[in-house]
Amino acid sequence: MSAVDTQALADRLDAAERERRTIAMLTATEPGLDLAAAYEVQRVNHERRLAAGEIEVGYKLGLVSRAKQLAMGVEAPLWGRLTNALIWDEDKPLDVSALIHPRVEPELVFVLGEAVDGATATIASVLSATRGVCAGLELLDSRYEQFRFTLPDVIADNASAAGFVLGGRLLAPEQLDTQLEGMVLRVNGEVVDTAAGAAVCGHPAQAVAWLAREVGSLPAGAIVLTGGLTAPVSLAPGDTVTASFTTVGSVSLRCAR
Ligand code: OOG
Ligand code: MG
């Protein structure tokens, strides 16, 4: 038995999300929240979503690139769980006021055609199991004050997941070199950052292999957000954010005024 009441902590995060308000970091009052207990809090809220009818669609990786680790002050990767309720349609304007303090970040997204076994996962096995790679923008919304957290806090908060948009071009992995895939991030037409796929663990497929080892195995059909390539960008009403990639094309998110 964990010394931490994971159900009570999950309830705290769930209420914050539903009521669109921030809470203090869990570790402020629960110094005993270790990584295992934090993933258990995350799992409790995931089960709650499934019980409410949401469907599991895959995983997200986080804090994988140096740029993201520096931006957040947390130096280790983590993973979170994705359900269909997080899928955001590119054409649908986002109402920023429906979230607490939303941010967005560009990512390469893998869609698996076959399962990946964690015990034997390599860049090669991930690529051979991958049906396609597409452009993505991930929407983040930390449930913590000032978007600040320690690693266990952000794990418990499902890695700040708030949604994701996928680009319309799904390319087979042999049609591009994901580590060399370039990306230009624009906000309202201005370039704010650039990156290449290698920002993520040296190779995005390496990030997926790490995830497979962490969770044991990844199922066929899973969508995997491989992690922010750059620091995240805060969203304001009227903003349009576009990530343009060399081969997989562009993806945009538009905020309502
Ligand atoms: C934590 C989630 C990190 C990524 O891609 O690095 C993440 C956060 O930055 O709020 O999704
Ligand atoms: Mg992300």
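Residues numbered from 1 in each chain as written. Chains lettered and ligands numbered in written order. Predicted model: local features only at pLDDT ≥ 70, side-chain atom pairs only at ≥ 80, totals over all residues. Heavy atoms only, no water.

### A look at the coordination of the magnesium ion (ligand 2)
(1) Moving on: Looking at the metal site, the magnesium ion (ligand 2) is ligated by E105 (OE), E107 (OE) and E138 (OE), spaced 1.9 to 2.0 Å from it.
(2) Moving on: Counting along the primary sequence, the residues that act as donors to the magnesium ion (ligand 2) give the motif E-x1-E-x30-E. Highlighted residues: E105 in strand β3 (residues 103–112) and E138 in strand β5 (residues 130–140), separated in sequence by 33 residues. (Donors = N, O, S within 2.8 Å, 3.2 Å for Na, K, Ca; no water. Helix = DSSP H or I, 4+ residues; strand = E, 2+ residues; numbered from the N terminus.)

### A short note on the environment of L185
(1) Moving on: Following the sequence through the fold, L185 ends up in strand β7 (residues 182–187).
(2) Moving on: Sequence separation between L185 and T230 is 45 residues; the distance between their C-alpha atoms is 8.7 Å.
(3) Moving on: Those residues in contact with L185, other than ones at most four positions away along the chain, are P106, L137, E190, V191, V192, D193, T230, V233, V241, T242 and A243. (Contact = heavy atoms within 4.5 Å.)

### With respect to the site of ligand 1
(1) Moving on: Taken together, 17 residues lie around ligand 1, and L63, K68, E105, S160 and G228 are the ones closest in.
(2) Moving on: Between an oxygen atom of ligand 1 and a side-chain N or O atom of E138, the distance comes to 2.9 Å.
(3) Moving on: For ligand 1, whose free accessible area comes to 310 Å², the fraction covered by protein is 100%.
(4) Moving on: Residue assignment for the shell around ligand 1 shows that the elements contributing at least two residues are β1 (56–62), α4 (66–72), β3 and β5.
(5) Moving on: Ranked by the residues each element gives to the shell around ligand 1, the list is headed by β1, at 3 residues. (Near = heavy atom within 4 Å. Polar contact = N/O pair within 3.5 Å; in protein donor to acceptor, adjacent residues only side chain to side chain. Areas by Shrake-Rupley, 256 points an atom, 1.4 Å probe, with all protein chains shown as cover.)

### With respect to the pattern of salt bridges
(1) Moving on: Taken as a whole and assessed by the stated rule, the structure comprises 11 salt bridges.
(2) Moving on: The residue D14 makes a salt bridge to R18 at a minimum N-O spacing of 3.0 Å. Of this pair, D14 and R18 both sit in helix α1 (residues 6–19), separated by 4 residues, roughly a single helical turn.
(3) Moving on: A salt bridge links R43 to E47, with the nearest nitrogen and oxygen atoms 3.7 Å apart. (Salt bridge = Lys/Arg side-chain N within 4 Å of Asp/Glu carboxyl O.)

### As for the state of the cysteines
(1) Moving on: Under the counting rule described, the total for this entry stands at 0 disulfides.
(2) Moving on: Of all cysteine sulfurs, the one in C201 lies closest to C134, which takes part in no disulfide; the gap is 18 Å.
(3) Moving on: Distance from the sulfur of C255, which forms no disulfide, to the nearest cysteine sulfur (C134) is 20 Å. (Disulfide = S-S within 2.5 Å.)

### Points about the packing of aromatic side chains
(1) Moving on: Applying the stated rule across the entire model yields 3 aromatic pairs.
(2) Moving on: Seen from their ring centres, Y59 and W79 are 5.9 Å apart, and the 70° between their planes marks the pair as edge-to-face. Of the two residues, Y59 sits in strand β1 while W79 sits in strand β2 (residues 78–83), which places them 20 residues apart along the sequence. For the pair formed by Y59 and W79, the shared burial category is buried.
(3) Moving on: Between F147 and F149 the ring centres are 6.4 Å apart and the planes differ by 55°, which places this aromatic pair in the tilted class.
(4) Moving on: Of the residues examined, F149 reaches a relative accessible area of 10% and is grouped as buried.
(5) Moving on: Following the ring pairs from residue to residue traces out a cluster consisting of Y39, Y59 and W79.
(6) Moving on: Over the ring of W88 we find K92, and its NZ or CZ is 4.3 Å from the ring centre.
(7) Moving on: The side chain of R103 reaches across the aromatic face of F147, ending 3.8 Å from its centre. (Phe/Tyr/Trp six-rings, centres within 6.5 Å; stacked < 30°, edge-to-face > 60°. Buried < 20%, exposed > 50% of the residue type's maximum accessible area, 1.4 Å probe, protein only. Lys NZ or Arg CZ within 6 Å of the ring centre and 35° of its normal.)

### Examining the sheet that holds β7
(1) Moving on: With respect to topology, 4 strands assemble into an open sheet ordered β8-β7-β12-β13, the strand pairing being antiparallel. The outermost strands of the open sheet, each flanked by one partner alone, are β8 (190–196) and β13 (249–254). Mean inter-strand twist for the sheet, computed between neighbouring axes without regard to direction, equals 15°.
(2) Moving on: Note: β7 against strand β12 (residues 240–245), 5 bridges, orientation antiparallel. Within β12, the position partnered with V184 by the bridge is S244. (Pairing = 2+ DSSP bridges. Axes fitted to C-alpha atoms, helices over the stretch in contact; angles between N-to-C directions.)

### A look at the environment of N158
(1) Moving on: Tracing the sequence through the fold places N158 in the loop between α6 (151–156) and β6 (161–166).
(2) Moving on: Residues N158 and T240 lie 82 residues apart in sequence; the distance between their C-alpha atoms is 25 Å.

Just geometry here; none of it tells us what the structure is for.
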